[in-house]
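# Observations on the model geometry
So the chains spell out like this:
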Amino acid sequence: MTTRALAGLRVVEMTEAWAGPVGASLLGDMGADVVKVESYPRSSMTRPVRPREATMPGDGPPYERDALHHQGNRNKRNVCLDIRTEGGAEVLRRLIAGADLFIEGYSSGTIERLGFGWDAVHEINPRACMISLAGWGVAGLYAGKVTLGAGLDATCGHMSVRGYPDGPMEDVRSNFHSDATGAATTVCAAITALEQRERTGEGCFTDFSQWEGLVWQFPGLLSEWTMNGRLPDRLGNRDPHIVPHGVYRASGDDEWVAVAAEDDEQWAALASALGHGEWAREPHAWATLTGRLRAREAVDRAITTATRERSAFDLAEAVQAAGAICAPVVSSSQVLMSPQLQAREWNHIIEHRWTGPAMVGGFLWQVEPDPLTWDRPTALVGEHNEEVLIELGYSAPEIADLLSAGAIADGYPQPGGAPRSPGLQRRAGDS
């Protein structure tokens, strides 16, 4: 790894989906040596053995071409283990013995049943820190229960206030807040744990309940009830204290702009950019925020009439130049082509064995003078088995025996129980 911020740090990661994998990738972005342990023979939800909507074009197996898996698993080495076998379990024990940090993301009790709970990890390596990302935490009334982002967003109250006031409750997009926040919180937990180890000389255990990490981000939902006795409303794109605050039609086919004016000064700038400066001058009823709050529906209708006369990007540029808030609503492809992201060199073109060159999003932050780098594309299943196991002291015959016994693997069975596709077995570095 070319980035040196976390150089020398060894992370062993056993997580799936999004929060844990992305959190570990962020550590890898900063130079940590992250070894991802894939499960076998069960594949994770971002390693589907059948094509799905997120499967990228290419000739290889679907589990090597999943877009979500690619975006969330950069800058890692990959070993594929069945830790229910003694051979696979011994590989994991050796990995933990040389690790600074072990991150696992299964439901509470699972890792303990597999023989790698905190007591076992601490015995293997007293200096290793461990983070458990169980959705509900490792203890409490929900111990052993499973959940993903939908359950977390629902039970923290967030889902109840998403969507439009007159829309059905189930009309919620499957982009879950908890997935993104869990990843960033994992990094904070990791750095904190490692800092504590530096002071004490001994590893520590972090019980990171993703649900608790999410609940505290919505204090307004709780305080509305505890302090005011009110249940928060579903607001759609509105803000109860700002008018205008919404998404409005532009002139193009299915083009929209997001517009907001937080105060009278911004409102005057917006009105001027829309060609209706009189809206912001006394004695017009909308000249003050109070007046606009009283006439929200009328203000929205007037803005829609004005915005439909211009394209989304031209309108956003004009309104922002005037000093108000406006941005075009863009598609995923337009995000990647954003001139701002281009200027900041955020996009990366990554080469991968089964997908060829692909444009992917960049980092959560930029660092100077030691910039983050995308040194490794998402690894193939078991791509680094041989490389990592040799580092752990295994000989070539021992590695071959582990592969033959199914303790390690370099691919998943095809649908219907068929053997792996010809040519999938490979040595490290083939990609």
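Heads up: the structure comes first, above all this text.
Presented here is an overview of the structure given in this document. (Residues numbered from 1 in each chain as written. Predicted model: local features only at pLDDT ≥ 70, side-chain atom pairs only at ≥ 80, totals over all residues. Heavy atoms only, no water.)

## Structural notes on the layout of surface pockets
Heads up, the condition is: Only protein atoms enter the 1 Å grid used here, on which a cavity is any set of points holding a 1.4 Å probe that cannot leave and a pocket is any open set flanked by protein within 12 Å on both sides along at least five of seven lines; residues with an atom within 4 Å of a point are listed as lining. Grid points are joined across faces, edges and corners, and a volume is the space filled by probe spheres set on the points. Elements are defined by DSSP. Helices are runs of H or I of four residues or more, strands are runs of E of two residues or more, and each kind is numbered from the N terminus. When residues are sorted by character, Ala, Val, Leu, Ile, Met, Phe, Trp, Tyr, Cys and Pro go into the nonpolar class, Asp, Glu, Lys and Arg into the charged class, and all the rest, Gly among them, into the polar class.
For the largest pocket, the calculated volume is near 1300 Å³. No other element matches helix 2 (residues 67-72), which puts four residues into the lining of the largest pocket. Among the residues forming the lining of the largest pocket, the class breakdown is 19 nonpolar, nine polar and six charged. In this structure, the second largest pocket spans a volume of roughly 680 Å³. Around the second largest pocket, the lining is made up of 32 residues, and of these Glu16, Arg42, Gly105, Tyr106 and Ser107 lie nearest the centre. Of all the secondary-structure elements, those providing two or more residues to the lining of the second largest pocket are helix 1 (19-29) and helix 6 (149-155). Partitioned by chemical class, the residues of the lining of the second largest pocket number 16 nonpolar, 10 polar and six charged.

## Re the side chain of Thr3
To be explicit about the condition: Residues adjacent in sequence count toward polar contacts only when both atoms are side-chain atoms; beyond that, a polar contact is any pair of N or O atoms within 3.5 Å, and within protein one must be able to donate a hydrogen and the other to accept it. We call two residues in contact when some of their heavy atoms are within 4.5 Å.
Looking at where Thr3 falls in the secondary structure, it is placed in the segment before strand 1 (10-14). A polar contact is formed between the side chain of Thr3 and the backbone oxygen of Pro371, at a distance of 2.9 Å. Among the polar contacts made by the side chain of Thr3, one reaches the side chain of Thr373 at a distance of 3.1 Å. Setting aside residues no more than four positions away along its own chain, Thr3 makes contact with Asp29, Met30, Gly31, Asp370, Pro371, Leu372, Thr373 and Asp375.

## Let's talk about the side chain of Ser108
Checked against the element boundaries, Ser108 lands in the loop between strand 4 (101-104) and helix 4 (110-113). Reaching out from Ser108, the side chain makes a polar contact with the backbone nitrogen of Gly144 at a distance of 2.4 Å. Not counting residues within four places of it along the chain, the set of residues in contact with Ser108 comprises Arg113, Ala134, Gly137, Val138, Tyr142, Ala143, Gly144 and Lys145.

## A word on the pairing of strand 2 (residues 33-39)
Inclusion rule: The cut-offs for exposure are 20% and 50% of the maximum accessible area for each residue type, with area from a 1.4 Å probe on protein chains only; residues under the lower value are buried, those over the upper are exposed, and the others partly exposed. The rule for pairing is simple: two strands pair if DSSP sees at least two bridges between them. The crossover handedness rule: strands pointing away from the viewer, path from first strand over the helix to second strand clockwise, crossover right-handed.
Counting buried positions along strand 2 yields six of seven residues, so the element is predominantly enclosed. Here strand 1 runs beside strand 2; their pairing, made up of four bridges, is parallel. Its bridge partner being in strand 2, Glu13 is matched across the sheet by Lys36. A crossover links strand 1 with its parallel partner strand 2, the connecting element being helix 1, and its sense is right-handed. With five bridges joining them, strand 2 and strand 3 (residues 77-81) adopt parallel strand pairing. Pairing of Val35 across the sheet is with Arg77, part of strand 3. Of the crossover connections in this fold, the one passing from strand 2 over helix 2 to the parallel strand 3 is right-handed.

## Here's the deal with the sheet that holds strand 7 (residues 245-249)
Two orientations exist for strands paired in a sheet by backbone hydrogen bonds: parallel and antiparallel. Note the following rule: To obtain an axis, a line is fitted to C-alpha atoms, over the contacting stretch when the element is a helix, and the angle between two such axes runs from 0 to 180 degrees between their N-to-C directions.
Strand order in the open sheet made by the three strands is 7-8-9, with antiparallel pairing throughout. On the outer flanks of this sheet lie strand 7 and strand 9 (325-328), each paired with one strand and no other. Going across the sheet, the axis of each strand differs from the next one's by a mean of 20 degrees, ignoring polarity. Bridge analysis of strand 7 against strand 8 (residues 256-260) gives five bridges, and the strand direction is antiparallel. Residue Gly246 lies in a different strand from strand 8, and its bridge partner there is Val259. Across the sheet, helix 13 (residues 312-322) touches strand 8 and strand 9, and the angle it forms with strand 9 is around 160 degrees.

## Examining empty space enclosed by the protein
Taking a probe equal in size to a water molecule and rolling it over the atoms shows the remaining empty space. Applying the stated criterion across every chain yields a total of three cavities of 30 Å³ or more. By volume, the largest cavity is sized at about 80 Å³. The wall of the largest cavity is formed by Met56, His70, Ile350, Glu351, His352, Thr355, Gly356, Ala358, Val360, Trp374, Pro377 and Thr378. A per-class count over the lining of the largest cavity returns six nonpolar, five polar and one charged. Taken as a whole, the second largest cavity encloses approximately 50 Å³ of empty space. In terms of lining, the second largest cavity is formed by Met14, Thr15, Glu16, Lys36, Val37, Glu38, Ser39, Ser44 and Tyr106. Here the lining of the second largest cavity takes four residues from strand 2, the largest share from any one element. When the residues that make up the lining of the second largest cavity are grouped by side-chain class, the tally is three nonpolar, three polar and three charged.

## Things to note about the sheet that holds strand 6 (residues 205-207)
Taking strand neighbours across the sheet as the criterion, the six strands line up as 3-2-1-4-5-6 in an open arrangement whose pairing is parallel. The sheet is open, and its two borders are formed by strand 3 and strand 6, each paired with just one other strand. Mean inter-strand twist for the sheet, computed between neighbouring axes without regard to direction, equals 15 degrees. Its contacts with the sheet place helix 7 (residues 177-200) against strand 4, strand 5 (129-132) and strand 6, and it is angled at close to 155 degrees to strand 5.

## What about the packing of helix 10 (residues 264-273) against helix 13?
The description of two packed helices rests on the angle between their axes and on the distance between the axes. Spelled out, the test is: Roughly parallel covers angles under 35 degrees, roughly antiparallel covers those over 145, roughly perpendicular covers 65 to 115, and oblique covers all other angles. Crossing handedness: left-handed means the near helix sits turned counterclockwise from the far one by under a right angle, and right-handed means the same turn made clockwise.
It is the contact of helix 10 with helix 13, at a shortest axis distance of 8 Å, that shows an interaxial angle of 135 degrees. Accordingly, the angle class assigned to the pair helix 10 and helix 13 is oblique. At the point where helix 10 passes helix 13, the crossing takes the right-handed sense. Contacts from Ala269, Leu270 and Ala273 in helix 10 reach Ala318, Val319 and Ala322 in helix 13. Of the residues that constitute the contact of helix 10 with helix 13, the class distribution is six nonpolar, no polar and no charged.

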